[in-house]
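Observations on chain architecture
Chain by chain, the residues run as shown.
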Amino acid sequence: MLDIRIDRESCMGSGNCAFWAPEVFEVADDGVAVVLDVEDARLEDVRRAVDGCPTQSISVWSDGVLLGG
Ligand code: SF4
């Protein structure tokens, strides 16, 4: 099971993640990104979001193993 986490301390709300994977990420009203939906996440889009995050705030896990971020 895929688990996508955002480091709320380092996220600066740039919105790059929501640009690359809008089905997965959204910047909430408090200016910090949240994960919307992991079920429909396309790995390709998630990888673009991870690579595009200016603060390396996104990490992707599968069964407790860090895949990237
Ligand atoms: S790309 Fe990174 S810094 Fe920008 S909103 Fe998403 S998680 Fe936060």
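Below you will find a few notes about this structure. Since we're looking at a predicted model, the values are computed, not measured.

Here we come to the sheet that holds strand E1 (residues 2-6). Note: strands within a sheet are paired through backbone hydrogen bonds, in either parallel or antiparallel orientation. Strand order in this open sheet of three strands is E1-E4-E5, and the pairing throughout is antiparallel. Looking at strand neighbours, the two that pair on one side only are E1 and strand E5 (65-68), the edges of this open sheet. Pairs of neighbouring strands in the sheet enclose a mean axial angle of 35°, with direction left out of account. With five bridges connecting them, E1 and strand E4 (residues 58-62) associate as antiparallel partners. Across the sheet, the residue bridging to Ile6 is Ile58, located in E4. Along the sheet, helix H2 (residues 43-52) contacts E1 and E4; its crossing angle with E4, the most-contacted strand, is approximately 145°.

Cut-offs applied
One numbering rule holds for all chains: residues counted from 1, following each sequence as written. Where local features are concerned, this predicted model is filtered to residues with pLDDT of at least 70; where side-chain atom pairs are given and counted, the filter is 80 or more; whole-chain, interface and lining totals use all residues. No hydrogens and no water enter the side-chain calculation; it runs on all heavy atoms of the structure. When DSSP finds two or more bridges between a pair of strands, those strands are recorded as paired. Each helix is a run of H or I in the DSSP string that is no shorter than four residues. Each strand is a run of E no shorter than two, and both are numbered from the N terminus. To get an axis, a line is fitted to the C-alpha atoms, and for a helix only the part in contact is used. The angle between two axes follows their N-to-C directions and goes from 0 to 180 degrees. Whether two residues touch is decided by their heavy atoms; if any such pair falls within 4.5 Å, the residues are in contact.

So yeah, pure geometry; function would need other evidence.
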